[in-house]
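# Topology and contacts: notes
The chain contents come next:
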Amino acid sequence: MNLEEYFRTIHEEQALKKCPMGERYLLTGATQRLEQRKEIIEVDKQLKAHREEFELKRKSWRDRRDEVLMKEEKLKESLLNFDRFLKENDAKRSRGAKKAEAEKQVVLQKEAEIERLKEECAALEGRKQKLQCRVQRNSLYWNFLKQVVDLAKFEEVWELVGRFETLLITRQQLRQRESEVQEQLDRQRGALQTYIDQQSCLLLQKNNLLSQLQTQLDQTRSEALRWESKWNHIQNTAAKETLLLGQIKMVTLNLYQMTDEELEGEGGVAFNDTETQLDKIQIFIQNQTDIMKDIKSPPSDTTLD
């Protein structure tokens, strides 16, 4: 993490601590500008403190480097003066060389860190300039808020901003309520349309059934009229046949009476026994026919003698 990210992290944590969670998303442009101005002041303070700390560390590192260089010079002099002892004590010399190399690496790392801190300071200076430009650009809105406060009943800008944010929250709640009511209305409309469609389908089915039943009723009535017509025809035919049968019976009875046969007596024929009467009439007619044939035939020779 570089110095700019470190400062930004510290600043964001402080801003989040000062701003409650429920109000972070309700900050308007004016509120954000006030927060940015506060951020610039805090960044300046932090930058000044870190500069002082940086100068102290750099001085300490320079002193340390000078001390290391002095030790290195002394070590070289010792190496020149006591080469024989260093050869005898090769292990000690090797450890001293490694230690010197490690100290050189430390110095190089510190110098690299110094360069990195310089770059971070430059980046912070650039960010500070950007924030100052934003504050200058947005100063028009701050002046406008002051004029509104002077004209309105509010004493401080914060009261006006709080009132405005309250109105924004109220408007958002009203819009949300309106959206919920509209959704509920749409659902009820959909349910009503579904019910109307279902009832329309049911009504159509009932109308189709009624049409089928009406067709069946018409067919049944037509069939009943046809059978009624047949029944009337049968009744008329039966009446005619009954009348004809009665006439036949009367004629047969008269013919039977003309044959001088007895009725209802012993050896006679019943009054309603038309078949037997017809048989008797047939026998009578046959006998009369035979008699007429006998009368009409010429007498034979035996009879004349």
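Residues numbered from 1 in each chain as written. Predicted model: local features only at pLDDT ≥ 70, side-chain atom pairs only at ≥ 80, totals over all residues. Heavy atoms only, no water.

## A look at the overall build of the chain
Looking only at helices and strands, the chain features seven helices and zero strands. Counting helices and strands in the order they occur from the N terminus, the chain gives α-α-α-α-α-α-α. Looking at the 305 residues of the chain, the share that counts as buried comes to 16%. Within the chain, contacts between residues at least 6 apart in sequence are counted, and of these 65% link residues at least 24 apart. Element-wise, carbon and sulfur atoms account for 55% of the exposed surface of the chain, whose accessible area totals about 24,600 Å². (Helix = DSSP H or I, 4+ residues; strand = E, 2+ residues; numbered from the N terminus. Buried < 20%, exposed > 50% of the residue type's maximum accessible area, 1.4 Å probe, protein only. Contact = heavy atoms within 4.5 Å. Areas by Shrake-Rupley, 256 points an atom, 1.4 Å probe, with all protein chains shown as cover.)

## A look at the environment of Asn254
Among the secondary structure elements, Asn254 is positioned in helix 5 (residues 157-258). On the basis of relative accessible area, Asn254 is assigned to the partly exposed category, the value being 39%. Along the backbone, Asn254 and Gln277 are 23 residues apart, and their C-alpha atoms lie at a distance of 9.9 Å.

## Regarding the pattern of salt bridges
Within this structure, the stated rule accounts for ten salt bridges. Between Glu55 and Arg58 there is a salt bridge, and its shortest N-O distance comes to 2.7 Å. Of this pair, Glu55 and Arg58 both sit in helix 2 (residues 29-81), three residues apart, which is roughly one turn of that helix. On the basis of relative accessibility, which here comes to 41%, the residue Glu55 falls in the partly exposed class. Arg58 gets classed as buried once you look at its relative accessible area, which sits at 17%. Measuring nitrogen to oxygen at the nearest pair gives 3.7 Å for the salt bridge that ties Arg177 to Glu180. Taken together, the positions of Arg177 and Glu180, both in helix 5 and three residues apart, correspond to about one turn of that helix. Overall, Glu180 belongs to the partly exposed group, its relative accessible area being 37%. (Salt bridge = Lys/Arg side-chain N within 4 Å of Asp/Glu carboxyl O.)

## Topic: the packing of aromatic side chains
The tally for this structure, following the rule as stated, stands at zero aromatic pairs. Lys230 extends its terminal NZ or CZ atom over the ring of Trp227, reaching a point 4.6 Å from the ring centre. (Phe/Tyr/Trp six-rings, centres within 6.5 Å; stacked < 30°, edge-to-face > 60°. Lys NZ or Arg CZ within 6 Å of the ring centre and 35° of its normal.)

## Regarding the confidence of the model for the chain
With 78% of its residues at a pLDDT of 70 or more, the chain shows a mean pLDDT of 78. Note on residues 21-27: pLDDT is under 50 here. Beyond four places in sequence and across chains, it has seven contacts. (pLDDT = per-residue confidence, 0-100.)

## Comments concerning helix 6 (residues 274-296)
The first and last C-alpha atoms of helix 6 sit 32 Å apart over 23 residues, in line with the 33 Å expected at 1.5 Å per residue. Taken residue by residue, helix 6 has Thr274, Gln277 and Ile281 as its buried positions. (Expected span 1.5 Å × (residues − 1).)

## Here's the deal with the side chain of Arg58
A distance of 2.7 Å separates the side chain of Arg58 from the side chain of Glu55, its partner in a polar contact. When neighbours within four sequence positions are excluded, Arg58 is seen to be in contact with Ile114 and Lys118. (Polar contact = N/O pair within 3.5 Å; in protein donor to acceptor, adjacent residues only side chain to side chain.)

## Topic: the side chain of Thr252
With respect to the element layout, Thr252 can be found in helix 5. Aside from chain neighbours lying at most four places away, what touches Thr252 is Thr274, Gln277, Leu278 and Ile281.

## Focus on a nonpolar patch on the surface
A grouping of Leu192, Tyr195 and Ile196 is seen on the molecular surface, where their side chains present a nonpolar patch of about 300 Å² in accessible area. Relative to the assigned elements, Leu192 resides in helix 5. (Patch = residues over 30% accessible without salt bridge, like charges linked within 9 Å, V, L, I, M, F, W, Y side chains within 5 Å.)

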